[in-house]
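# Residue-level structural notes
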Amino acid sequence: MSVDEDARWLEWVTKQFESIAGDDKEIDIDEFKTALKVKESFFAERFFALFDSDGSGSISLDELLKALDLLIHGSETDKLKFLFQVYDVDGSGSIDPDELRTVLKSCLRESAISLPEEKLDDLTLALFESADRDNSGSITFEELKAELENFPEVMENLTISAANWLKPPAVDQKKRRAPRYLTRAYWQNNSRKLFFLCVYAVLTVLLFTGAMLQHHHGGSWFMVAKGCGQCLNFNCTFILVLMLRRFLTWLRATWVVRVFPLDQNILLHQIVGYAILCFTLVHTTAHIFNFVQLSEHSGFRLWEYLLTTRPGVGWVKGTASLTGVVLQLFIFLMVLCSSTFVRRSGHFEVFYWSHLSYVWVWSLLVVHCANFWKWFLVPGLIFLLEKIVGIAVARMGGLHIVEVNLLPSKVTHLVIKHYVYVNIPEIAKYEWHPFTISSPPEQSDSLWLHIRSMGQWTNRLYEYFRQPEREELSPKRLAASLRNRRELTRNHRFCNIKCYVDGPYGTPTRQIFTSEHAVLIGAGIGITPFASILLWIWDSVWIQICFWTLQVDFIWINRDQKSFEWFVSLLTKLEMDQADEEPEGRFLEMHMYMTSALSKNDMKAIGLQMALDLLAKKEKRDSITGLRTRTQPGRPEWGKVFQKVSEENKGKVHVFYCGAPALAKTIKAQCERFGFNFYKEHF
């Protein structure tokens, strides 16, 4: 730090201390635990004891600044001595196996990792035997320092890093950079979307201008209203085209997908929806001003123009104004209920049922505007045909849920006897919900869905299968009950429940067929579409190896340890199947990240991560997941991840992501930086 930065940091830490310490100007152990934000009190107590240099039972500002100065500005040796003192619980000057086990146990709790006691013993012995080089039965400071030298990444930024108030504030360094939307990489990676938006904008301007000129005799407000009305004719039809799922799935297999962004049809649907809202507001406002002018020279008042049929405005018995008011309400309601905060807040049903009012919107538009039916006729017939085919296929091919697994974090794994839409009458008779398929295409006798409980319908699904099976009144009820008990385990059961499936439909992951190097990134339950892809690639890759060379980097990010259980058996199978291959002959590289685990350069996790590394090398298996691939703590550093992919130079890189939208923005920005194609999958 520079002198100015040091002064700002000192002032900032002082303010943080005063806000916590209160009137007594001292921090006690309880206040320290709260401020440090540690899950395990062991570390709070150890840090507190080391910060409290005078042993008074509280920490003064001077004691805090002295300790922080060591951790922030101290040498590598100073920081290592502090770490050694944390591990040396009894202050004897050396670390014995029991002390190390106590520390590692606290490390596990701090990182939200659950391991059996036997595994904890293995971790302790692995680290202790590696560090105790003279076999004296204890680890000295010099031995710990020597051991840490084998882990250079740990020493890069050795810090407590759990308490935000202990971190120096980031220096705001504003660099003059070109806006992201003006970079060459952005235009290259979004060329299809930008081309579409340009065509859409030009067409909108032409329609607006043409309608205005055609009605120039009616005055300026009338011209604006007619221009917006023509744009609404187009947009209210085009928004339908963007949701013709079967039609778009067919187009994805043609040259059209190379020109237009068909994989972003939902985003384009949203853009057109907002355009409809804007044109509707301007259209209505222009008509109101026009009616104000007309009311000054006619026998009708403004409210009669707006709320009655007396002026005779419209081609169906003067109903244009009334239908316009109702349309305004419907469109506003649909846009409001389709907002992210509604869909993501566990109220998907509000979005679902409000969106069904599109039937009324189109019906009212036919009555409201004399020319709308001409725009709507062909797309409307295709849409109707799709709906009829979908209902017929779904009902004629009524399927059954034959197996259920209730997985950690409230994920329901359904095995259905043969990206689908699912209707389960037992849960909700009329609701259809989209889910990605997690089983490979070659699995012809059944399909798998992994459904995370995130809303009312998915929660009802999970709770429905969590309840014990209902007893049926039959003469052989006891025999049936005995048979069911033998089949039923706590979270796994067989069943025979009617359901209906509409699909599958094409998704952005189809582009993997054009990839030479595919990077699949799943965040949490976002792994589901990639599970199917990985299985399919593995079943096909050896057949097509001479014709199609594909390299795959699979990155799975989870918040907690239990989430890895969703697909650990699949990943284990993939690892075992290519275990005998030479590294250069393996098509799949896996990378696991656990965000709740503290990073390797955090003092509360250094010992644990070192032990996990040592035991993984010894057992050739990760202690957290059981895979050969070592689970990395924290979040990926995307710049380094994509830099490595770029340096490998294995061919054209396509990045596929499924997960939270916020992370998608970060990954997309990095893809633009490195010139990778980015595709976002919906789950």
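Small disclaimer: the values here were computed from a predicted structure and weren't measured.

Moving on, we get to the overall build of the chain. Along the backbone of the chain there are 27 helices and 14 strands. Within the chain, the fraction of its 683 residues that count as buried is 48%. Element-wise, carbon and sulfur atoms account for 58% of the exposed surface of the chain, whose accessible area totals about 35,100 Å².

On to helix H27 (residues 661-674). Helix length check: H27 (14 residues) gives 20 Å between terminal C-alpha atoms against 20 Å at 1.5 Å per residue, within 8%. By the burial criterion, the buried members of H27 are Ala664, Ile667, Lys668, Gln670, Cys671, Glu672 and Phe674. Just beyond H27, the residue with positive phi is Gly675, at close to 75 degrees.

With that settled, consider the environment of Asn558. Checked against the element boundaries, Asn558 lands in strand E10 (residues 551-558). A relative accessible area of 1% places Asn558 in the buried class.

Attention shifts here to unusual backbone geometry. Positive phi, normally seen in glycine, also occurs at Ala112, with a value near 60 degrees. Within the element layout of this structure, Ala112 appears in the loop between helix H6 (97-110) and helix H7 (117-131). The phi angle at Lys620 is positive, at roughly 55 degrees, despite the residue not being glycine. Tracing the chain through its elements places Lys620 in the loop between helix H25 (606-619) and strand E12 (631-633). When its relative accessible area of 57% is taken as the criterion, Lys620 is described as exposed.

Before going further, it helps to spend a moment on the packing of helix H5 (residues 76-87) against helix H8 (residues 141-148). For the pair H5 and H8, interaxial distance at closest approach is 10 Å and the crossing angle is 115 degrees. Regarding the angle of H5 to H8, the classification is roughly perpendicular. Relative to H8, H5 is oriented so that their crossing is right-handed. Judged by residue contacts, Thr77, Leu80, Lys81, Leu83 and Phe84 of H5 engage Phe141, Leu144, Lys145 and Leu148 from H8. Considered class by class, the residues forming the contact of H5 with H8 number six nonpolar, one polar and two charged.

Once that is clear, we can look at empty space enclosed by the protein. Computed from the structure, the largest cavity encloses a volume of approximately 60 Å³. In terms of lining residues, the largest cavity is bounded by Tyr87, Ile95, Leu100, Leu127, Ala131, Ile139, Leu144, Glu147 and Met610. Where the lining of the largest cavity is concerned, the elements lending two or more residues are H7 and H8. For the lining of the largest cavity, the class distribution of residues is eight nonpolar, no polar and one charged.

The next thing to look at is the UniProt feature "domain: EF-hand" (unreviewed entry) in the chain. In the numbering adopted here, UniProt assigns the feature "domain: EF-hand" (unreviewed entry) to residues 39-74, 75-110 and 119-154. Helix makes up 72% of residues 75-110 and strand 0%, and the two end C-alpha atoms of the span are 26 Å apart.

Counted by the stated rule, this structure contains 23 aromatic pairs. Centre to centre, the rings of Trp221 and Phe289 are 4.5 Å apart; their planes meet at 15 degrees, and the pair counts as stacked. Here Trp221, found in helix H12 (residues 220-241), pairs with Phe289, found in helix H14 (residues 265-295); they are 68 residues apart in sequence, far enough to count as distant. For Trp221, a relative accessible area of 32% gives the class partly exposed. Seen from their ring centres, Trp362 and Phe376 are 5.1 Å apart, and the 45 degrees between their planes marks the pair as tilted.

Taken together, the six strands give an open sheet; going across it, the order is E12-E11-E10-E9-E13-E14, and neighbouring strands pair in parallel fashion. Across the chains shown, the open sheet's two edge strands, defined by having one partner strand only, are E12 and strand E14 (677-681). With strand direction ignored, the average angle separating the axes of adjacent strands in the sheet is 20 degrees. In the sheet, strand E13 (residues 653-658) pairs with E14 via five bridges, with the strands oriented parallel. Along E14, the bridge assignment pairs Phe656 with Tyr679. Most of the contacts of H27 go to E14, to which it runs at about 165 degrees, and overall it touches strand E9 (517-523), E10, E13 and E14.

Before going further, it helps to examine the nonpolar core. If you look at the biggest cluster of nonpolar residues, it comprises 79 residues, and the most contacted ones within it are Tyr87, Leu520, Phe554, Trp556 and Leu571. Grouped together as the second largest cluster of nonpolar side chains are 31 residues, Cys231, Leu268, Val272 and Val335 included.

As for its placement among the helices and strands, Gln85 is situated in helix H5. By relative accessible area, Gln85 is classed as partly exposed at 39%. Through-space distance from the C-alpha of Gln85 to that of Phe47 is 9.3 Å; in sequence the pair is 38 residues apart. Beyond its immediate stretch of four places on either side in the chain, Gln85 contacts Arg46 and Leu50.

Time to look at the pattern of salt bridges. Going through the model one piece at a time under the given rule, you end up with ten salt bridges. Note that Arg133 is salt-bridged to Glu147, the shortest N-O span being 3.4 Å. Of this pair, Arg133 sits in the loop between H7 and H8 while Glu147 is found in helix H8, placing the two residues 14 residues apart along the sequence. Note on Glu147: relative accessible area 1%, which makes it buried. Its salt-bridge partner being Asp613, residue Arg630 comes within 2.6 Å of it at the nearest N-O pair. Here the residue Arg630 occupies a position in the loop between H25 and E12, and Asp613 occupies one in helix H25, the gap between them amounting to 17 residues.

Conventions we followed
Residues numbered from 1 in each chain as written. Predicted model: local features only at pLDDT ≥ 70, side-chain atom pairs only at ≥ 80, totals over all residues. Heavy atoms only, no water. Helix = DSSP H or I, 4+ residues; strand = E, 2+ residues; numbered from the N terminus. Buried < 20%, exposed > 50% of the residue type's maximum accessible area, 1.4 Å probe, protein only. Areas by Shrake-Rupley, 256 points an atom, 1.4 Å probe, with all protein chains shown as cover. Expected span 1.5 Å × (residues − 1). Axes fitted to C-alpha atoms, helices over the stretch in contact; angles between N-to-C directions. Parallel < 35°, antiparallel > 145°, perpendicular 65-115°, else oblique. Left-handed = near helix turned anticlockwise from the far one by under 90°. Contact = heavy atoms within 4.5 Å. Nonpolar A, V, L, I, M, F, W, Y, C, P; charged D, E, K, R; others polar. 1 Å grid on protein atoms, 1.4 Å probe; cavity = no way out; pocket = protein on both sides within 12 Å on 5 of 7 lines; lining within 4 Å. Points joined across faces, edges and corners; volume = space filled by probe spheres on them. UniProt positions renumbered as here; feature names shortened; annotations may be inferred. Phe/Tyr/Trp six-rings, centres within 6.5 Å; stacked < 30°, edge-to-face > 60°. Pairing = 2+ DSSP bridges. Core = buried A, V, L, I, M, F, W, Y, C linked by side-chain atoms within 4.5 Å. Salt bridge = Lys/Arg side-chain N within 4 Å of Asp/Glu carboxyl O.

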